[in-house]
Amino acid sequence: MPKKRSPEKRELRIPAHLAIIMDGNGRWARSRGLPRQAGHRAGTENLRRTIKACGDLGIKILTVYAFSTENWGRPDREVKGLMNILADVIDRELSELHANGVRLRHIGELKQLSSKLQDKVRGAIELTKENRALTLNVAWNYGGRQEIVHAIREIVKAGVKPEEVDEALIEQHLYTAGLPDPDLIIRTSGELRFSNYLIWQGAYSEYYVTPTYWPDFDRAELEKALENFGQRERRFGLVLNPSD
Ligand code: IPE
Ligand code: IPE
Ligand code: MG
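Residue numbers run consecutively from 1 along every chain, following the written order of its sequence. Just so you know, chain letters begin at A and ligand numbers begin at 1, following the order they were written in. Residue-level local features of this predicted model are given only where pLDDT is at least 70; pairs of side-chain atoms are given and counted only at 80 or more, and the full residue set underlies all totals for whole chains, interfaces and linings. Computation of side-chain values covers all heavy atoms of the structure but excludes hydrogens and water.

**Q** What should I look at first to understand the pairing of strand β4 (residues 134-142) in this one?
**A** Strand residues, when the strand is regular, have side chains that alternate between the two faces of the sheet. Residue burial is assigned from relative accessible area. The probe radius is 1.4 Å, only protein chains are included, and a residue is buried under 20% of its type maximum, exposed over 50%, and partly exposed in between. Working definition: helices are DSSP H or I runs of at least four residues, strands are E runs of at least two. Numbering for both runs from the N terminus. Along β4, 9 of the 9 residues are buried, which leaves the element largely enclosed by surrounding structure. Strand pairing is assigned whenever DSSP detects at least two bridges linking the two strands. In terms of strand pairing, strand β2 (residues 61-68) meets β4 through 7 bridges, oriented parallel. Paired with T63 across the strands is N137, a residue of β4. In this structure, strand β3 (residues 102-107) lies alongside β4, joined through 6 bridges in parallel fashion. Looking at the pairing, R105 lines up with N137 of β4.

Shown next as structure tokens:
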């Protein structure tokens, strides 16, 4: 009898820095006849599972888009609901994240949040700042254009001369200063756009889009994305075989 062939081993490429646009909570809820807030809650649960999966897979930096500068334009009730979720997550999950060695960071502007929420976020960052198992950047009130404006303001304030402005200096003033650019950016729920996410840092990131709504993006989906990433040929504008 011929020997049964074992299924081909899938090659997952583990990015040093993975970024995710966690999109589709609203549609996930609507497809179940639930209010949008239920979708956001389900999305938060999925973030918890994803952090765990990333840790298991050896991903060291995870950056998630959770609230954009444009999301303030949603109905008041939804914005309030999202702010409440952020507060609840910090209250409920912080000690476990800390115990698991997660370093929490924030990218975006904190000052438009309530002072109570700002304090909560700052407290979480302070508590976990020495952790190194996984760095989790939460993009909250984040916009890529706003980030670049912020960087330029800092540079102008420091009185830098025009000829001293270069890419490295701009990078030092981004919220992600000191972190490598994301290798892979995943967007759930099928939209083919950046929506103002990491527009500087993502210049050479690989993109992966799946129709799956964020609350349903499970570990198998993540592994599928990493397998697909493993098949990409990253050229960074160069030619692979200069002798051809
Ligand atoms: C992503 O899901 C979460 C946030 C933008 C806060 P959405 O709320 O955008 O869900 P859809 O895109 O309406 O389905
Ligand atoms: C991007 O999703 C922002 C987050 C996932 C937090 P949106 O749902 O806000 O983006 P658009 O409106 O579809 O471009
Ligand atoms: Mg959306």
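**Q** For this particular structure, what's the right way to read a negative patch on the surface?
**A** A patch consists of residues whose relative accessible area exceeds 30% and which take part in no salt bridge; residues with like charges are grouped when within 9 Å of each other, and nonpolar side chains (Val, Leu, Ile, Met, Phe, Trp, Tyr) when within 5 Å. Note on areas: Shrake-Rupley, 1.4 Å probe, and residue coverage restricted to the protein chains presented here. Between Lys or Arg on one side and Asp or Glu on the other, a salt bridge is scored when a side-chain nitrogen of the former is within 4 Å of a carboxyl oxygen of the latter. Positive charges come from Lys and Arg, negative ones from Asp and Glu, while His and the chain ends are left out of the count. A charged residue contributes its charge at one atom only: NZ of Lys, CZ of Arg, CG of Asp or CD of Glu. On the surface, D166, E167, E171 and D181 cluster together into a negatively charged patch. Inspection of the secondary structure assignment puts E167 in helix α6 (residues 167-172). Classification of E167 as exposed rests on a relative accessible area of 58%.

**Q** Can you help me understand the site of ligand 1 in this one?
**A** Residues are counted as near a molecule or strand when any one of their heavy atoms sits within 4 Å of it. The immediate surroundings of ligand 1 are formed by M22, D23, G24, N25, G26, R27, R36, H40, A66, N71, R74 and L82. Think of a polar contact as two N or O atoms within 3.5 Å of one another; within protein, one of them needs to be a possible hydrogen donor and the other a possible acceptor, and neighboring residues in sequence only count if both atoms come from side chains. Measuring from an oxygen atom of ligand 1, one finds a side-chain N or O atom of D23 at 2.9 Å. Contact distances for ligand 1 include 2.7 Å between an oxygen atom and a side-chain N or O atom of R27. When ligand 1 is considered free in solution it has 370 Å² of accessible area, and contact with the protein chains removes 86% of it. Elements represented by at least two residues in the shell around ligand 1 include exactly α1 (25-30) and α2 (36-57). Considering each element in turn, the shell around ligand 1 owes the most residues, 3 residues, to α1.

**Q** Is there a simple way to explain the site of ligand 2 in this structure?
**A** Taken together, I21, M22, D23, Y65, A66, F67, N71, R74, R187, R193 and S195 make up the full set of residues near ligand 2. The side chain of R74 places a nitrogen or oxygen atom 3.2 Å from an oxygen atom of ligand 2. Contacts to ligand 2 include R193, whose side-chain N or O atom sits 2.8 Å from an oxygen atom. Calculation on ligand 2 without its partners gives an accessible area of 390 Å², and the protein chains cover 78% of this total.

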